[in-house]
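Close look at the chain arrangement
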Amino acid sequence: MSSLNVKLKEVKGRRLHRYLRKKFKRRDFEFDWTDFSTAYFDGKTIFVKYDVHKPNKLFSEAEIHILHLGFAYHEMGHKLYDIVSDFKDWILSNSSEDKVEWEKNTKWPKNIVQTWGNLALDGRLERFLRIDYPFTIDEIDYLNYEWAYPPSPEERRGESKVKDFLEMYGRRCLEMEDLEGWHSDVVSLMDQYQPLLDESFTQASTINCLNKSKEHLTAVWPTFYQWIQEEEQEPASISSNTSKEADLENSEWATSDEVKNNVQQIMDKLKDMFNSAESPHNESIDNDDNNIEDGKEDALEDDLKPNENTIQIIFPENIQPRTKPDFKRLIANSEKEVENTHQQAHEELKEDEILESTIAVMINDISINDTVKECSYDHKNEAVFDEMVISNRRQIFALEKALQIILAPIPEIRTKNQKRGRLRPQFVWRAIYCEDDNIRTKINRGSPKEDASISLMVDISYSTTSMCGGQKQVITEMKEALSVVLSAAHNIKLPSKAFAFTSDFTTNDTFIYHLKPHDHLLKPQHKGAIGGLRPEMGNRDVIALQYLLNQVKDRKESIRLAFMISDGAPNFYENESEETIKEMVKSANENGIDVFCIFVGNDDWGYQCAKRMYGNRVIRSKSGLASDLKRHLIKVLSLRRGL
């Protein structure tokens, strides 16, 4: 796979994960690609099949994007509405290899049982998604029509009642358009028991849906089994010819409580729909009462008992069958997403290039020169960044408000009737005749809105593995400080850049990672890089600080802020010391660059070390990042404005 294709796959995954979390308003799942035959959810991560091409059909990039969304929506439905353990147990309890049981219509071949249950559950969850999340409709339809259940060849329909029935069953479960050419006996049998099948789609539990599909299987099996025998087919090898069969081996869907809450919302919506229509078909039936006759439980042999209180709502008979949608607009919209994905991938590839630059430090006639390797950061985790923003939203809000107030323009204030200030000649008569010498105007000059920029450098050396307060690693606190400052800057459109540094002692190479190398808004790839930061190797603080100052010195803003996020454990090479950094900070301040250190850690030694290097411009990350920074910036602006 070429570097561009690798990057595209990475970007697609991140964009899709972010989109799902936004649309479903949930953050309790991860996302990844899989090479398996279909998608699945393992209880933690939604896995979507990446390569969706088929031997007889190749899809465009826009179509592939639609299919990826359809897979993801479908697996989210399993996560929300189904309990996989109930499905697995139900298959085992109703399957048999004994032909006698097949003939008695008490148990059936495992493949038949799994097909009946799987398609019924799919039909149920997709109907629920249509109600709860209507935005999923088009992509799921496209997945069903173009990938999961494409139509059989027209000339082959009617040749096999078995194949026709399985195709018709699948398409009816998924609310797809009926096909011309099916055998009339198949259509007649399906229509006869369609109301029974429809009931399975409105059950409030996985097991009740499965048991309803079992009732349907029981009703059609005698005729269906007769067709199997007439066509001399092997029941155990019969397939529904769908590419959407559930991957039960790797799947782990939802918990019982979660499903119960999610489905209850659907049931409430359905009841409201039917109550408002005053349909005579509406019924609200308590399942426990429904299964009791003459005070005794109705014994359904080999059935699993429902593990939830369920509500059954019966839909009125279908009035108008669905027809295949027109997907032109869907594909056109998808093409725009493909274009955006390619643009982001190309941008990130450009950032991924490793560049070498020379860094020169001149302090007290001592010259320090070295090269650094600049590149993007490979380990990305946007979800971690989002979680940090959520947990620190109060600090972010406080910091952005502080920055807005500090950088706001100061209006000119004119105070009249003063003893000192500019004389107002028209009021001299008051001094002569009224002995009132308050005839002057005092003017307090204002200042325009300050243009400012923020640049940050974070140390990700191995020392950041130490614990901060016994609960979090130092690297975690550093990432949180970085996310707070950048998010606040982003929210008020303040230009910002961010970098990370580490050094390889074995090769003496210093790496500068471009976390956010441009002033534009905080993008997903920037969030992913910050969220993915982890302890690396060593640290070369002098070179890293000089690189940061080089990024800032040519900026045109009147307020240029440079932050070093550090644990106060610098590492020095020959001719380098704390005094070197102290002089660098002093020189930068004299040249209009205000350098701060955001200290992360609990040890007093590290804090004192930071103070020796950065003076009084050391801010503790947790004790008061917003308030301390506000206090320091007020001093900076007073100095820069000459107040």
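Structure first, text after, so check above.
Below is a short write-up of the structure. As the structure is a prediction and not an experimental result, all values here were calculated from the model.

Attention now goes to the packing of helix H8 (residues 184-192) against helix H10 (residues 206-230). In contact at an axis separation of 10 Å, H8 and H10 are set at 165 degrees when each is read in the N-to-C sense. Here H10 runs roughly antiparallel to H8, going by the angle between their axes. Relative to H10, the crossing made by H8 is right-handed. Only His216, Val220, Thr223 and Trp227 of H10 make contact with H8, whose side of the interface consists of Asp185, Val186, Leu189 and Met190. By residue class, the composition of the contact of H8 with H10 is 5 nonpolar, 2 polar and 1 charged.

This part covers unusual backbone geometry. Of note in the backbone geometry, lysine 25 takes a positive phi value of approximately 55 degrees without being a glycine. Judged by relative accessible area, lysine 25 falls into the exposed class, the value being 76%. Despite not being glycine, asparagine 105 shows a phi value in the positive range, around 65 degrees. In this structure, asparagine 105 sits in the loop between helix H4 (99-104) and helix H5 (110-132).

Right, let's talk about the packing of aromatic side chains for a bit. Here the distance between the centres and the angle between the planes together describe a pair of aromatic rings. Under the criterion given, the structure shown has 27 aromatic pairs. Look at phenylalanine 36 and tyrosine 40: their rings are 5.5 Å apart centre to centre, the planes differ by 20 degrees, and that puts the pair in the stacked class. Here the aromatic rings of tyrosine 81 and phenylalanine 128 are separated by 5.3 Å at their centres, their planes lie at 85 degrees, and the arrangement is edge-to-face. One end of the pair, tyrosine 81, is in helix H2 (residues 61-81); the other, phenylalanine 128, is in helix H5, with 47 residues separating them in the sequence. Each member of the pair tyrosine 81 and phenylalanine 128 is classed as buried. A network of ring pairs unites the aromatic residues Trp102, Trp116, Phe165, Tyr169, Trp221, Phe224, Tyr225 and Trp227 as a single cluster. One Lys or Arg, lysine 23, reaches over the ring of phenylalanine 135 and ends 4.7 Å from the middle of that ring. In this arrangement the basic side chain of arginine 127 is found over the ring face of phenylalanine 201, its NZ or CZ atom lying 3.7 Å from the centre.

Below, the discussion takes up the nonpolar core. Among the nonpolar cores identified, the biggest contains 80 residues, and Tyr81, Trp116, Phe165, Tyr169, Trp221 and Phe224 are the most heavily contacted of them. Here tyrosine 169 is in contact with Thr115, Trp116, Leu119, Ala120, Met190, Leu197, Ser213 and His216, once residues within four sequence places are set aside. Among the nonpolar cores identified, the runner-up in size contains 50 residues, and Ile406, Ile460, Cys468 and Ile565 belong to it.

The end-to-end C-alpha distance of helix H17 (residues 474-491), which contains 18 residues, comes to 26 Å, matching closely the 26 Å that a straight helix rising 1.5 Å per residue would cover. When you tally the buried positions in H17, you get 15 out of 18 residues, the bulk of the element. In the stretch just after H17, lysine 493 is the one whose phi turns positive, near 60 degrees.

Turning to the pattern of salt bridges, a few remarks are in order. Counted under the stated rule, the structure contains 33 salt bridges. The shortest N-O distance in the salt bridge between glutamate 175 and arginine 127 comes to 4.0 Å. Placement of glutamate 175 in the loop between helix H7 (161-173) and H8 and of arginine 127 in helix H5 is noted, with a sequence separation of 48 residues between them. By relative accessible area, which is 12% here, arginine 127 ends up buried.

Another point: helix H3 (residues 84-94). Along H3, the residues classified as buried are Val84, Asp86, Phe87, Trp90, Ile91, Ser93 and Asn94. Those residues of H3 hidden inside the fold are in contact with H5 and H10.

Let's shift gears to the pairing of strand S8 (residues 355-363). Here S8 runs beside strand S9 (residues 366-376); their pairing, made up of 9 bridges, is antiparallel. By the bridge assignment, isoleucine 363 is partnered in S9 with isoleucine 366. Here S8 folds back onto S9 in antiparallel fashion, the turn holding 2 residues, of which asparagine 364 has a positive phi close to 50 degrees.

Further remarks concern the sheet that holds strand S1 (residues 30-34). Read across the sheet, 3 strands follow the order S1-S3-S2 without closing on themselves; strand pairing throughout is mixed. One side of each edge strand has no neighbouring strand; the edge strands of this open sheet are S1 and strand S2 (40-41). Here S1 runs beside strand S3 (residues 45-49); their pairing, made up of 5 bridges, is parallel. Paired with phenylalanine 31 across the strands is isoleucine 46, a residue of S3.

Basis of the calculations
Residues numbered from 1 in each chain as written. Predicted model: local features only at pLDDT ≥ 70, side-chain atom pairs only at ≥ 80, totals over all residues. Heavy atoms only, no water. Axes fitted to C-alpha atoms, helices over the stretch in contact; angles between N-to-C directions. Helix = DSSP H or I, 4+ residues; strand = E, 2+ residues; numbered from the N terminus. Parallel < 35°, antiparallel > 145°, perpendicular 65-115°, else oblique. Left-handed = near helix turned anticlockwise from the far one by under 90°. Contact = heavy atoms within 4.5 Å. Nonpolar A, V, L, I, M, F, W, Y, C, P; charged D, E, K, R; others polar. Buried < 20%, exposed > 50% of the residue type's maximum accessible area, 1.4 Å probe, protein only. Phe/Tyr/Trp six-rings, centres within 6.5 Å; stacked < 30°, edge-to-face > 60°. Lys NZ or Arg CZ within 6 Å of the ring centre and 35° of its normal. Core = buried A, V, L, I, M, F, W, Y, C linked by side-chain atoms within 4.5 Å. Expected span 1.5 Å × (residues − 1). Salt bridge = Lys/Arg side-chain N within 4 Å of Asp/Glu carboxyl O. Pairing = 2+ DSSP bridges.

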